[in-house]
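Summary of structural features
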Amino acid sequence: MNILVVGGGGREHAIIKKIKENKTVKQIFALPGNGGIAADAICVNIAATDIDAIVDFALKTQIDYAVVAPDDPLVLGCVDALNEKGIACFGPNKAAAIIEGSKVFSKNLMKKYGIPTAAYEVFDDAEKALKYLETAPIPTVIKADGLALGKGVIIAMTREEARDAVVSIMQDKQFGKSGDNIVIEEFLTGPEVSVLSFTDGNVVVPMVSSMDHKRAGDNDTGLNTGGMGTVAPNPYYTDEVAEECMQKIFLPTIRAMKAEGRTFKGCLYFGLMLTPNGPKVIEYNCRFGDPETQVVLPLLESDLLTVMQAVTNETLADTEVKFSDKHACCVIMASKGYPSSYEKGFEISVPEDLLDSTYVAGAVLKDGKLLTSGGRVLGVTSIADTLADAIKQSYKKVENIKFDNRYYRNDIGQKALKAGEK
Ligand code: AMP
Ligand code: GLY
């Protein structure tokens, strides 16, 4: 089979490495991929959002199956466009991807179907939003409706910060049209859990749970990033919590989407907060998380391509999806300065024996050398019987992967380790 993977980050690298394990796979193409992914797939310089070019390429190359990984092409309808030409895909169509593409949609869906989430108000007018904020409980959370490169959520600790957020999103259009509407919601507290799931619209199969580390600095300080590291499983996500989430959140969500005529097929990501009043949805993503995927897929024991095809064919109920009961830890190595400005173009050296567990996010190949080209450069994952060992092994690998200007957090997994000891 010829496989196409749309996207070019660490998540896509993890998906590609896993798909490669299937013996029927002949070639994998990554659009656009990156300098590191080039070791595992044929990278073609077509942007993940250039839907017409993706469809042309898929037809020309006789692609049998496509995996659309990032949010933007999914929300733009990449799966619909490929399906129209008869190419089977993993990923939701445009109608279902709206669950991530519009926060107003997802909040209203949860309200309509009684799925637990933070209380909220929607505004399409800055003046009204500012008026509401005069008496709203503080802290509060302001969210741009549409996709905003992961930066559209502002936790306002003061009334002034909240007002500034509304002005920058709705009036200064910091995120363009994504900020035409906003959600202002209740500030929740509690441990966060990421649960990625496979769903064919009828059944939902949660993957092993994970914990992201979003802030740039140790002990959750500094700016929000795309994610500086992950561990799986997440110790806060006990069997009891999992059962509650299945009954109150996962099943109601896929049933709600179906009832709305927006059957979701693909990977549905539940961003959860375990509040004192039970688990609540912080956000839905219509795709695999990054860097959650870099710990979740290495723990998958079943064949990924087979599971993905079962999602497409709506036969997930009859397909085994098995995860190892080991622990995984992924440490992201970034460019110093990320998520603000940083220098790039530094040569990366990865020892041969670490290539298998390295997922490259931001690097280019130039004259045979791998050079840094992004904020997040790569992630390195280890699997072990205990979380403590997985962490130790990943940091040992980190020491041996070298490039100038490298930066990483020193405490990935420490919070989980402490929680697990309780
Ligand atoms: P996102 O950019 O959508 O991944 O959200 C970023 C982060 O904002 C989440 O991971 C949470 O830590 C935080 N967040 C979002 N909504 C809330 C909320 N209602 N209460 C507290 N924190 C929140
Ligand atoms: N790691 C969070 C996300 O993929 O949105």
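Sequence order as written defines residue numbering, which begins from 1 separately in each chain. Each chain takes a letter, starting from A, and each ligand takes a number, starting from 1, following the order in which they are written. Totals for whole chains, interfaces and linings use every residue, but because this is a predicted model, local features are given only for residues with pLDDT of at least 70 and side-chain atom pairs only at 80 or more, for both listing and counting. For side-chain calculations, the full set of non-hydrogen atoms in the structure is used, while hydrogens and water are omitted.

Quick notes on the overall build of the protein
- Secondary structure elements are taken from DSSP: a helix is a run of H or I of four residues or more, a strand is a run of E of two residues or more, and numbering for both begins at the N terminus. Helices and strands together make up the secondary structure of the protein, namely 13 helices and 23 strands.
- For a compact globule the rule gives 2.2 Å times the number of residues to the power 0.38, and the radius of gyration it is set against comes from C-alpha atoms. Relative to its length of 422 residues, the protein is compact, with a C-alpha radius of gyration of 21 Å against a globular reference of 22 Å.
- Per-residue accessibility, obtained with a 1.4 Å probe over protein chains only, is compared with the maximum for each type, and a residue is labelled buried under 20%, exposed over 50%, and partly exposed between these values. Counting every position in the protein, which comprises 422 residues, the buried fraction comes to 56%.
- Pairs at least 24 apart in sequence give 68% of the contacts found in the protein among residues at least 6 apart. Two residues qualify as a contact provided that any one of their heavy atoms is within 4.5 Å of a heavy atom in the partner residue.

A word on helix 8 (residues 159-171)
- Look at helix 8: 17 Å from first C-alpha to last across 13 residues, which is about the 18 Å you get at 1.5 Å a residue.
- Within the sequence span of helix 8, burial applies to A162, A165, V166, S168, I169 and M170.
- Residues of helix 8 that are buried make contact with strand 6 (120-123), helix 7 (126-133), strand 7 (140-144), strand 8 (153-156) and strand 9 (182-186).
- In the segment just after helix 8, K173 is the residue with positive phi, at about 55°. Here the expected span of a helix is defined as 1.5 Å times the quantity of residues minus one.

Things to note about a nonpolar patch on the surface
- Patches here are clusters of residues that have more than 30% relative accessible area and form no salt bridge, with a 9 Å joining cutoff for like charges and a 5 Å cutoff for nonpolar side chains (Val, Leu, Ile, Met, Phe, Trp, Tyr). Note that accessible areas follow from Shrake-Rupley with a 1.4 Å probe, and for residues the cover is restricted to the protein chains shown. For salt bridges, the criterion is a side-chain nitrogen of Lys or Arg within 4 Å of an Asp or Glu carboxyl oxygen. Among the surface-exposed residues, V153, I155, M157 and F187 lie close enough to one another that they form a single nonpolar patch of about 320 Å² accessible area.
- Within the secondary structure, I155 sits in strand 8.
- With a relative accessible area of 38%, I155 lands in the partly exposed category.

Observations concerning the site of ligand 2
- Definition of nearness: a residue and a molecule or strand are near each other if at least one heavy atom of the residue lies within 4 Å of the molecule or strand. Taken together, D212, G226, Y269, N285, R287, G289, D290 and E292 make up the full set of residues adjacent to ligand 2.
- Two N or O atoms form a polar contact when they lie within 3.5 Å of each other; inside protein one atom must be a possible hydrogen donor and the other a possible acceptor, and for residues adjacent in sequence the pair counts only when both atoms belong to side chains. Note that a nitrogen atom of ligand 2 is positioned 2.9 Å from one of the side-chain N or O atoms of D212.
- A distance of 2.9 Å is found between an oxygen atom of ligand 2 and a side-chain nitrogen or oxygen belonging to R287.
- Considering ligand 2 on its own, with 200 Å² of exposed area, one finds that the protein chains cover 88% of that surface.
- Three classes are used, and their members are as follows: Ala, Val, Leu, Ile, Met, Phe, Trp, Tyr, Cys and Pro are nonpolar, Asp, Glu, Lys and Arg are charged, and the others, Gly among them, are polar. Partitioned by chemical class, the residues of the shell around ligand 2 number 1 nonpolar, 3 polar and 4 charged.

A short note on the site of ligand 1
- The full set close to ligand 1 counts 15 residues, and E185, E186, L188, E192 and E283 are the nearest of them.
- Here L188 contributes a backbone N or O atom positioned 2.8 Å from a nitrogen atom of ligand 1.
- Within the side chain of E192, one N or O atom sits 2.4 Å away from an oxygen atom of ligand 1.
- Summarising the interface, the protein chains cover 89% of the accessible area of ligand 1, which totals 490 Å² for the free molecule.
- Residue classes in the shell around ligand 1 are distributed as 8 nonpolar, 1 polar and 6 charged.

Side note on the pairing of strand 20 (residues 363-366)
- Sheet analysis places strand 20 next to strand 21 (residues 369-372), joined by 4 bridges and oriented antiparallel. For K366, the partnering residue across the bridge sits in strand 21 and is K369.
- Two strands pair if DSSP finds at least two bridges between them. Taking the residues between adjacent antiparallel strands as the criterion, strand 20 and strand 21 are bridged by 2 residues, where D367 takes a positive phi near 50°.

Topic: the environment of R11
- Here R11 shows up in helix 1 (residues 10-19).
- Each C-alpha atom of the pair R11 and A126 lies 36 Å from the other, and the pair is 115 residues apart in sequence.
- Once you skip the residues sitting within four places of it in the chain, R11 turns out to touch A69, P70, R287, F288, G289, D290, T293 and Q294.

Section: the sheet that holds strand 10 (residues 192-199)
- A sheet is described by the order of its strands in space; here 4 strands give the open sequence 11-10-16-17, paired in antiparallel fashion. Of all the strands in the sheet, just strand 11 (204-206) and strand 17 (278-285) have a single pairing partner and so form its edges. Here the strands of the sheet are splayed against their neighbours by 35° on average, with no regard to which way each runs. Between N-to-C directions, angles span 0 to 180 degrees; the directions come from axes that are lines fitted to C-alpha atoms, helices contributing only their stretch in contact.

What about the packing of helix 6 (residues 103-113) against helix 9 (residues 239-259)?
- Packing of helix 6 against helix 9 leaves a shortest axis separation of 10 Å and a crossing angle of 105°. Between helix 6 and helix 9, the angle is such that the two are roughly perpendicular. Only A256, M257 and A259 of helix 9 make contact with helix 6, whose side of the interface consists of F105, L109 and Y113. Here the angle decides the label: under 35 degrees means roughly parallel, over 145 means roughly antiparallel, 65 to 115 means roughly perpendicular, and every other value means oblique.

Re the pattern of salt bridges
- In total, this model carries 20 salt bridges according to the counting rule given.
- For K18, the salt bridge goes to E21, with nearest N and O atoms at 3.5 Å.
- A relative accessible area of 45% places E21 in the partly exposed class.
- One salt bridge connects E185 with K107, and the closest N-O pair in it is separated by 2.7 Å. Of this pair, E185 sits in strand 9 while K107 sits in helix 6, placing them 78 residues apart in sequence. We note that E185, like K107, is buried.
- Residues joined by salt bridges that share partners form a network here, namely D220, R409, D411 and K415.

Comments concerning the packing of helix 5 (residues 94-101) against helix 6
- It is at 6 Å that the axes of helix 5 and helix 6 come closest, and there the two elements cross at 90°. Considering the angle they form, helix 5 stands roughly perpendicular to helix 6. Across the interface between the two elements, I98, I99 and G101 of helix 5 pack against K103, F105, S106 and L109 of helix 6.
- Grouping the amino acids of the contact of helix 5 with helix 6 by side-chain chemistry returns 4 nonpolar, 2 polar and 1 charged.

Brief notes about unusual backbone geometry
- Residue P32 follows L31 across a cis peptide bond; omega there is 0°.
- Its place among the elements puts P32 in strand 2 (residues 27-32).
- Looking along the chain, the bond that leaves A232 and enters P233 is cis, with omega of -5°.
- Within the secondary structure, P233 is located in the loop between strand 15 (229-232) and helix 9.

Details of the packing of aromatic side chains
- Here is the rule: rings of Phe, Tyr and Trp (six-membered ring for Trp) pair when centre to centre is within 6.5 Å. Planes less than 30 degrees apart are stacked, more than 60 are edge-to-face, and the remainder are tilted. Inspection of every chain in the model, using the stated rule, returns 8 aromatic pairs.
- An angle of 35° between the planes, with centres 4.3 Å apart, marks the rings of F250 and F270 as tilted. Placement of F250 in helix 9 and of F270 in strand 16 (residues 266-275) is noted, with a sequence separation of 20 residues between them. By the burial criterion, F250 is buried, and F270 matches it.
- A centroid spacing of 6.2 Å and a plane angle of 50° characterise the contact between Y395 and Y408, whose relative ring orientation is tilted. With Y395 in helix 12 (residues 387-400) and Y408 in the loop between strand 23 (406-407) and helix 13 (414-421), this pair connects stretches of sequence that are 13 residues apart. Each of the two residues, Y395 as well as Y408, counts as buried.
- Every member of this aromatic cluster is reached through a ring pair, and the members are F90, F198 and F288.

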